[in-house]
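As a plain string of letters, each chain reads:
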Amino acid sequence: DQQVKQNSPSLSVQEGRISILNCDYTNSMFDYFLWYKKYPAEGPTFLISISSIKDKNEDGRFTVFLNKSAKHLSLHIVPSQPGDSAVYFCAAGAGGTSYGKLTFGQGTILTVHP
Amino acid sequence: DSGVTQTPKHLITATGQRVTLRCSPRSGDLSVYWYQQSLDQGLQFLIQYYNGEERAKGNILERFSAQQFPDLHSELNLSSLELGDSALYFCASSVGGVRNQPQHFGDGTRLSIL
């Protein structure tokens, strides 16, 4: 049972354009969401997060949008740069006895062409 | 550099064997997490420790065990290894032990079972 899904295995965009990565979740107990970026042979790196009490969070070129009713979140990267080429994972966490447990999606490979 | 150190980087062994993966968290972080990433899969949460105590558990096999020592480093022990245990094993750490504190990942240990 995949509680966090990234339905697009890959995405290709031109440098300078917007990249939109999508993520869906099924568990209504999730109340905190994070995006991680991963380069080959490295561990995931935290990018940006959002609490379920918000619908948008922005950090520089990165913006995460949360639609709780649709159980959907997205990461927007504007403008995209070749150095953004990586695998992007969304992750979700719940409160209570879940503590720090995160459930990850399968990842989306983003390729930004010069 | 995330500050999380995992050793060894690569491990090749045979079925039926036992291995130990080691993780040193970032300075000041009290919580350690272990994740497994199999081929083309997202990261699967295994277990979390906070200041030496087990805090949350995922779908960790009975053949796997972990502990966090007084100096806060952690070890993941995998025994009676099977071919399907071949994967990347990531360790992460965070200051506290809840979901809204970003986890910082090491570069992983690649385990290959022959």
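These numbers were taken from a predicted model, which means no experiment stands behind them.

### Things to note about a nonpolar patch on the surface
Residue and element names in this part refer to chain A. Judged by side-chain polarity, Ile-18, Ile-20 and Val-78 come together as a nonpolar surface patch covering roughly 230 Å² of accessible area. By the element assignment, Ile-20 lies in strand S3 (residues 19–25). Residue class for Ile-20 comes out partly exposed when judged on its relative accessible area of 36%.

### Concerning the interface of chain B and chain A
Each partner contributes residues to the interface: chain B has 21 residues there, and chain A has 23 residues. The largest per-residue losses of area from chain B upon contact with chain A belong to B:Leu43, B:Arg99 and B:Phe105, which jointly make up 34% of the total buried on that side. Between chain B and chain A we count zero salt bridges in total. Summed over the shared surface of chain B and chain A, the result is five residue pairs in polar contact (both at pLDDT 80 or more). Every element with two or more residues in the side of chain B that touches chain A is listed here: strand S4 (31–37), strand S5 (44–50) and strand S6 (53–57) of chain B. Its residues assigned to classes, the side of chain B that touches chain A comprises nine nonpolar, eight polar and four charged.

### Quick word on the packing of aromatic side chains
A full pass over the atoms with the stated rule returns twelve aromatic pairs over all chains. On the numbers, 6.1 Å between centres and 85° between planes, the contact of A:Phe104 with B:Phe105 is edge-to-face. With one member in each of two chains, A:Phe104 in strand S10 (residues 102–104) and B:Phe105 in strand S10 (residues 104–105) form a pair that bridges those chains. For A:Phe104, a relative accessible area of 5% corresponds to the buried category. Considering the side-chain rings of B:Phe90 and B:Phe105, the 6.3 Å spacing of their centres and the 80° angle between planes classify their relative orientation as edge-to-face. Highlighted residues: B:Phe90 in strand S9 (residues 87–94) and B:Phe105 in strand S10, separated in sequence by 15 residues. Accessibility expressed as a relative area gives 0% for B:Phe90, which makes it buried.

### Some remarks on the pattern of salt bridges
Residues and elements named next belong to chain B. Taken as a whole and assessed by the stated rule, the structure comprises six salt bridges over all chains. Asp-29 is the partner of Arg-26 in a salt bridge, and the nearest nitrogen-oxygen pair spans 2.9 Å. The class of Arg-26 is partly exposed, set by a relative accessible area of 24%. The partner of Asp-85 in a salt bridge is Arg-63, with the nearest N and O atoms 2.8 Å apart. You can see Asp-85 sitting in the loop between strand S8 (74–78) and S9 and its partner Arg-63 sitting in the loop between S6 and strand S7 (64–68), a full 22 residues away along the chain. Where salt bridges share partners, they join Arg-63, Glu-82 and Asp-85 into one cluster.

### Some points on the sheet that holds strand S3 (residues 19–24) of chain B
All names here are of chain B. Spatially, S1-S3-S8-S7 is the arrangement adopted by the four strands of the open sheet, whose pairing is antiparallel. One side of each edge strand has no neighbouring strand; the edge strands of this open sheet are strand S1 (5–7) and S7. Between one strand axis and the next, the sheet turns through 15° on average, direction left out of account. Of the strand pairs in this sheet, S7 and S8 are connected by five bridges, and their pairing is antiparallel. Its bridge partner lying in S8, Gln-67 is registered against Glu-75.

Conventions we followed
Residues numbered from 1 in each chain as written. Chains lettered and ligands numbered in written order. Predicted model: local features only at pLDDT ≥ 70, side-chain atom pairs only at ≥ 80, totals over all residues. Heavy atoms only, no water. Patch = residues over 30% accessible without salt bridge, like charges linked within 9 Å, V, L, I, M, F, W, Y side chains within 5 Å. Areas by Shrake-Rupley, 256 points an atom, 1.4 Å probe, with all protein chains shown as cover. Salt bridge = Lys/Arg side-chain N within 4 Å of Asp/Glu carboxyl O. Helix = DSSP H or I, 4+ residues; strand = E, 2+ residues; numbered from the N terminus. Buried < 20%, exposed > 50% of the residue type's maximum accessible area, 1.4 Å probe, protein only. Contact = heavy atoms within 4.5 Å. Buried area = accessible area lost by both parts, 1.4 Å probe. Polar contact = N/O pair within 3.5 Å; in protein donor to acceptor, adjacent residues only side chain to side chain. Nonpolar A, V, L, I, M, F, W, Y, C, P; charged D, E, K, R; others polar. Phe/Tyr/Trp six-rings, centres within 6.5 Å; stacked < 30°, edge-to-face > 60°. Pairing = 2+ DSSP bridges. Axes fitted to C-alpha atoms, helices over the stretch in contact; angles between N-to-C directions.

Taken by themselves, the reported measurements are silent on function.
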